[in-house]
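Residues per chain, in single letters:
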Amino acid sequence: MTKTALITGASSGIGREIAKNLSKKGFKVILCARREDRLTELASELKTESRIIICDLSRREECFRVYEEVKGEKISVLINNAGFGKVGTFADIPLDTELKMIDTNITAVHILTKLFLKDFINADRGYIMNVASSAGLMNGGPLMAAYYATKAYVVDLTCAISQELKDAGSKVHICALCPGPVDTEFNSVADCRFTVKAISAKYCSDKAVDGMFAKKALIIPENTIKAMYTASRLLPRSLVLKVTGKIQQKKTEQ
Ligand SMILES: NC(=O)c1ccc[n+]([C@@H]2O[C@H](COP(=O)([O-])OP(=O)(O)OC[C@H]3O[C@@H](n4cnc5c(N)ncnc54)[C@H](OP(=O)(O)O)[C@@H]3O)[C@@H](O)[C@H]2O)c1
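Residues numbered from 1 in each chain as written. Predicted model: local features only at pLDDT ≥ 70, side-chain atom pairs only at ≥ 80, totals over all residues. Heavy atoms only, no water.

*Asks:* Sorry, what's going on with the packing of helix H1 (residues 13–24) against helix H7 (residues 201–213) here?
*Replies:* How two helices pack is summed up by the angle between their axes together with the distance between the axes. Contact pair H1 / H7: the axes reach a minimum separation of 8 Å and the direction vectors enclose 55°. Accordingly, the angle class assigned to the pair H1 and H7 is oblique. As H1 runs across H7, the sense of the crossing is right-handed. Along its contact with H1, which presents Gly13, Ile14, Glu17, Ile18, Asn21 and Leu22, the element H7 presents Ala201, Lys202, Cys204, Ser205, Asp206, Val209 and Phe213. Its residues placed into classes, the contact of H1 with H7 shows seven nonpolar, three polar and three charged. (Axes fitted to C-alpha atoms, helices over the stretch in contact; angles between N-to-C directions. Helix = DSSP H or I, 4+ residues; strand = E, 2+ residues; numbered from the N terminus. Parallel < 35°, antiparallel > 145°, perpendicular 65-115°, else oblique. Left-handed = near helix turned anticlockwise from the far one by under 90°. Contact = heavy atoms within 4.5 Å. Nonpolar A, V, L, I, M, F, W, Y, C, P; charged D, E, K, R; others polar.)

The following block contains the structure:
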């Protein structure tokens, strides 16, 4: 039987590499994003069957449309990856940008997780990966306040659902991917530069897919980020916020 995966934000970066990885594993892939040319190009490179859906997931009705278009296709893997960030002080970043970020990073992930999870639970199989970020593990991020908060939502929502599924003895698996810096188009959209070496989108995606199929609930691809996460849980929140703010500041200075 054909295995089918749906990947949001497949036109670039991490989503594009996850789509390639799953295609190599024999999945039919359904590729979602706004840029049609990018999705068409990716589809033409893949060896397995694929389909593209052009959608703006910052619009709620588009999230429901995507679900309606694919719900008969027995999808068994959902990758909620589409998202973006913006650097700046909370007072300076335009409200419209942040509301669009909340709609894309939180509301779309929430809607698609809800709709697909119900089907997966009924079928008692399926995998959902919600692409969060190390930003979601840090208890807040000055100069990227809204972005960090959106990713904390994704981490908390996903971990709670994961526990519910375990408690129910379900075969459905959900996980949150929490990478640090990854070399993608994220920075040009967010208006920043990384101060530490970024991992490649392929490395991140390979770790992510391996972790998902190994049924990890929280996937952190880099050991340095794992160490930072552990340290952040031991240190006072005020200190963690100060250090995170300094790191964010450097990203805007270069
Ligand atoms: N790069 C990093 O350092 C990093 C670290 C941790 C987590 N992340 C997370 O990883 C995910 C992927 O980001 P990336 O680094 O791969 O960045 P990217 O190269 O900019 O890719 C972002 C993807 O999201 C899609 N997207 C954005 N807004 C959308 C919308 N309204 N509707 C539909 N699709 C939309 C984009 O497609 P279109 O523009 O074609 O619509 C693109 O395919 C994001 O959730 C990001 O927060 C990134």
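Having put the structure on the table, let's press on.
*Asks:* Please explain helix H8 (residues 223–234) as it appears in this structure.
*Replies:* Between its terminal C-alpha atoms H8 stretches 17 Å, which fits the 16 Å expected from 12 residues at 1.5 Å a residue. Those residues of H8 that sit buried are Ile225, Tyr229 and Ser232. Projected onto a plane normal to the axis of H8, the buried residues spread over an arc of 65° and lie on a single side. Turned more than 90 degrees off the buried face of H8, the exposed positions are Asn223, Thr224 and Leu234. Buried positions along H8 lie against strand S9 (218–219) and helix H9 (237–253). (Expected span 1.5 Å × (residues − 1). Buried < 20%, exposed > 50% of the residue type's maximum accessible area, 1.4 Å probe, protein only. Arc of directions from axis to C-beta.)

*Asks:* What exactly am I supposed to notice about the side chain of Thr244 here?
*Replies:* Within the secondary structure, Thr244 is located in helix H9. Residue class for Thr244 comes out buried when judged on its relative accessible area of 6%.

*Asks:* What is the right way to look at the site of the ligand in this model?
*Replies:* Surrounding the ligand, one finds 30 residues, the nearest of these being Ser11, Ser12, Arg34, Tyr147 and Thr184. Here Arg34 contributes a side-chain N or O atom positioned 2.7 Å from an oxygen atom of the ligand. Between Arg35 and the ligand, the recorded distance is 2.8 Å, taken from a side-chain N or O atom to an oxygen atom. Across the complex, the protein chains shield 96% of the 880 Å² of accessible surface that the ligand would expose by itself. (Near = heavy atom within 4 Å. Polar contact = N/O pair within 3.5 Å; in protein donor to acceptor, adjacent residues only side chain to side chain. Areas by Shrake-Rupley, 256 points an atom, 1.4 Å probe, with all protein chains shown as cover.)

*Asks:* Honestly, the pattern of salt bridges in this entry has me stumped. Any pointers?
*Replies:* As a working rule, side chains carrying opposite charge can pair if their charged atoms are close by. Scanning the entire structure with this criterion turns up 15 salt bridges. In this structure, the salt-bridge partner of Glu69 is Arg51, at a minimum N-O distance of 3.3 Å. Here Glu69, found in helix H3 (residues 60–70), pairs with Arg51, found in strand S3 (residues 50–54); they are 18 residues apart in sequence, far enough to count as distant. With a relative accessible area of 35%, Glu69 lands in the partly exposed category. Note on Arg51: relative accessible area 25%, which makes it partly exposed. As a salt-bridge pair, Glu69 and Arg65 come within 2.8 Å of each other at their nearest N and O atoms. Within this pair, Glu69 and its partner Arg65 are both found in helix H3, separated by four residues, close to a single helical turn. Under the relative-accessibility criterion, Arg65 is labelled partly exposed at 28%. Overlapping salt bridges bring together Lys28, Glu49, Arg51, Glu62, Arg65, Glu69 and Glu73 as one network. (Salt bridge = Lys/Arg side-chain N within 4 Å of Asp/Glu carboxyl O.)

Honestly, that's just the spatial picture; any functional story needs more than this.
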